[in-house]
Amino acid sequence: MTRQDSASYVVEESEASRTGRKFQDPFQGYFERGQQKGRTGTDLLDHHAARAWLRVIRWGMETGLYGYQQPFEEKAAPRIALDGENYLMLSSYDYLGLIGHPEVESAAIAAIRQFGTGTGGVRLLTGTTTLHQEFETELAAFKGTEAAMTFTSGYMANLGVISSLLGPGDSVILDSRAHRSIVDACRLARVQVRRFSHNDPCSLASELQKEARGKRTLIVVEGIYSMDGDICPLAEIVALKRKENAFLMVDEAHSFGTLGISGKGVDQYFGISPDAVDIWMGSLSKAIPSNGGFIAGARDLIIYMQHGAAAFMFSAALSPPAVGSARASLQVLQREPERIVALRRNAAYLRSGLIRLGFDIGNTDSQVIPVIVGSDERAYRLSHALFMQGVIALGIVSPAVPVGKARLRLCATAAQDRRFLDEVLAAFRVVRDAGWDEPAPLSP
Ligand SMILES: Cc1ncc(COP(=O)(O)O)c(C=O)c1O
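Residues numbered from 1 in each chain as written. Predicted model: local features only at pLDDT ≥ 70, side-chain atom pairs only at ≥ 80, totals over all residues. Heavy atoms only, no water.

A. Quick look at the packing of aromatic side chains. A full pass over the atoms with the stated rule returns 14 aromatic pairs. With a centroid separation of 4.2 Å and 35 degrees between ring planes, the pair formed by Phe23 and Phe387 is classed as tilted. Placement of Phe23 in the loop between helix 1 (13-18) and helix 2 (35-38) and of Phe387 in helix 15 (residues 376-388) is noted, with a sequence separation of 364 residues between them. The exposure class assigned to Phe23 is buried, which follows from its relative accessible area of 9%. Using a relative accessible area of 2% as the deciding quantity, one classes Phe387 as buried. Each residue in the set Phe27, Tyr30, Phe31, Trp59, Tyr66, Tyr68 and Tyr380 is aromatic and connected to the rest through ring pairs, giving one cluster. Stacked on the ring of Tyr87, the Lys or Arg Arg21 has its end atom at 4.8 Å from the ring centre. (Phe/Tyr/Trp six-rings, centres within 6.5 Å; stacked < 30°, edge-to-face > 60°. Helix = DSSP H or I, 4+ residues; strand = E, 2+ residues; numbered from the N terminus. Buried < 20%, exposed > 50% of the residue type's maximum accessible area, 1.4 Å probe, protein only. Lys NZ or Arg CZ within 6 Å of the ring centre and 35° of its normal.)

Next up, the structure:
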């Protein structure tokens, strides 16, 4: 162990050099065998996007920088093994540290024992169990709405709600950094889409005042932005929605379970009534470590969507173990608010440590912490350099973020402790000092 400096991040510097760390090949030698190089002709992949992606992936494999789809053999805990080496996990959404919680796992197993692994159908037919109903009632009570309904993912929840409520005569005004699932939902609904500058109420006001608004206007924002970690200015947005007679939807994929004193979300964080928002959306795969998504709101909205949202009606119900584990997680969250305190403390520590080391973390104010590096290639390089130091911090590149804004996205969680965070910061210091930013031998 060596002490680095007055910031006193502790690191076992020699460890990385002792190990045989290297990104695994998730393609089982496909690129090594060279098939991609010889590919020509008019096949399904003969279009610009596919060619560009295959080129980048091949470059990633040739340079050893491709770090996605690493095949883990165990739970995404803070300390995780991969191919016999130990790593610090910084890319898991397990914000409350509930992956592996015995009560959550037992609830999944109990749900399988009582209801089976699947429901044999969609919710309207055989897919509704008492477990689904109890969980949805508890979810609505927690969120402070009249009702809630679950979908098989947050992505599906966004598709379902927007496409069932709005159509070509309506308009949606999106924050410019809206998640892909919201954008896709608008495409499916064929609504007019306009964007306002990220987290800027003045820009939203000017979009709302434009004449070209549709019959009905829905504003869509996120509680915590998934790539940037900043929080939406909910009070200003609610005031504008009221003044301009629009509707408001908030995607709480990253703020449900993490913001507010008891994790109820961005409304609780700002002390705003949940009624101020027409549609609440959340994911069950982040602070709640299961699968699924939900919509919460007025009872008539939910009853209508049960009969009007294709993503709910034409897709099998959330499986019993997913509902059981989500329900148990919600119960643990309510019983153990100290997890939210730990999450916030860890996020603040990680943010300030990274700033002290000179990394650009944008405007994050939450557990989602971007380390913005610019080009996609630089994000791959930094991710790889950290991996060699035993840290898993995956790159987020275009099109998930604008070109030139590539980043690593770190997630603080309640399960991390001070020693863990010091080791992470020490690794960042090592890669910073070692000059991680040398171009890779081949260019994508
Ligand atoms: C803002 C936002 N909305 C929706 C989703 C989709 O949620 P899910 O992973 O449950 O499909 C995500 C996923 O990361 C997200 O970040």
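From this point, the narrative continues.
B. Representation of the sheet that holds strand 12 (residues 368-374) in the model. The antiparallel open sheet is built from 3 strands, whose spatial order is 12-15-14. For this open sheet the edge positions go to strand 12 and strand 14 (395-396), each flanked by a neighbour on one side alone. Bridging between strand 14 and strand 15 (residues 406-411) involves 2 bridges; their strand directions are antiparallel. Paired with Ile396 across the bridge in strand 15 is Arg407. (Pairing = 2+ DSSP bridges.)

C. Fine view of the nonpolar core. Counting 53 residues, the largest nonpolar core has Ile219, Val221, Leu234 and Leu248 as the members making the most contacts within it. At the level of elements, helix 5 (130-143), helix 8 (201-209), strand 8 (217-222), helix 9 (234-243), strand 9 (247-251), strand 11 (293-297), helix 13 (320-335) and helix 14 (338-356) are the ones that each hand at least two residues to this core. For this core, the element with the highest residue contribution is helix 13, accounting for 6 residues. Formed jointly, this core draws a minimum of three residues from each of two domains, domain 1 (10-38 + 62-92 + 338-433) and domain 2 (102-335). Apart from residues no more than four positions distant in its own chain, Leu234 is found in contact with Leu248, Val250, Val266, Asp267, Phe270, Ile272, Val277 and Trp280. Of all hydrophobic cores here, the second largest spans 34 residues; its members include Ala347, Val397, Ala406 and Ala412. (Core = buried A, V, L, I, M, F, W, Y, C linked by side-chain atoms within 4.5 Å. Domains from an automatic or database assignment. Contact = heavy atoms within 4.5 Å.)

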